[in-house]
Amino acid sequence: MPYIPHTNADIQEMLKVIGVNNIDELFGSIPKELQLSEPLTLPLPLNEIEITKLLSELARQNINCNETTSFLGGGCYNHFIPAVVDHLANRSEFYTCYTPYQPETSQGVLTVFFEYQTMLCELT
């Protein structure tokens, strides 16, 4: 889906709905010393290959859980799970006697989404 920026008319309508006259008034509660006084100096855009390489290089600067012991993450710790476990656990005859669209599977997926989103919220 392409990015289509707001038109000036769209911006004015949104400001009117929330009850402010302009963008400066919208951000008026932010202290001046915390507001940017000049545009950000951003690097030139990168293509997908270049950004993947850059982010990989940045990620290599971090220490990951394979390199050291981690005591973070409510019960999430470095452990070995044989590949056959995932293969067997994902076979439908072991987790439900119904077809995969039944609520048991859907509830499991919802639980995974909830746990993942909760973890991200706690991290950020």
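Residues numbered from 1 in each chain as written. Predicted model: local features only at pLDDT ≥ 70, side-chain atom pairs only at ≥ 80, totals over all residues. Heavy atoms only, no water.

## A short note on the overall build of the chain
Turning to step 1, where the next piece is worked out: Check the secondary structure of the chain and you find six helices and zero strands.
Turning to step 2, where the next piece is worked out: Secondary structure elements of the chain occur, N-terminal to C-terminal, as α-α-α-α-α-α.
Turning to step 3, where the next piece is worked out: For the chain, with 124 residues in total, the buried portion stands at 3%.
Turning to step 4, where the next piece is worked out: For the chain, the exposed area adds up to about 12100 Å²; of that, 62% sits on carbon and sulfur atoms. (Helix = DSSP H or I, 4+ residues; strand = E, 2+ residues; numbered from the N terminus. Buried < 20%, exposed > 50% of the residue type's maximum accessible area, 1.4 Å probe, protein only. Areas by Shrake-Rupley, 256 points an atom, 1.4 Å probe, with all protein chains shown as cover.)

## Re a nonpolar patch on the surface
Turning to step 1, where the next piece is worked out: A cluster of nonpolar side chains, V17, I18, I23, L26, F27, I30 and L34, forms an exposed patch at the surface whose accessible area comes to about 670 Å².
Turning to step 2, where the next piece is worked out: Residue assignment for the nonpolar patch shows that the elements contributing at least two residues are α1 (8-18) and α2 (23-26).
Turning to step 3, where the next piece is worked out: For I23, the location among the structural elements is in helix α2. (Patch = residues over 30% accessible without salt bridge, like charges linked within 9 Å, V, L, I, M, F, W, Y side chains within 5 Å. Salt bridge = Lys/Arg side-chain N within 4 Å of Asp/Glu carboxyl O.)

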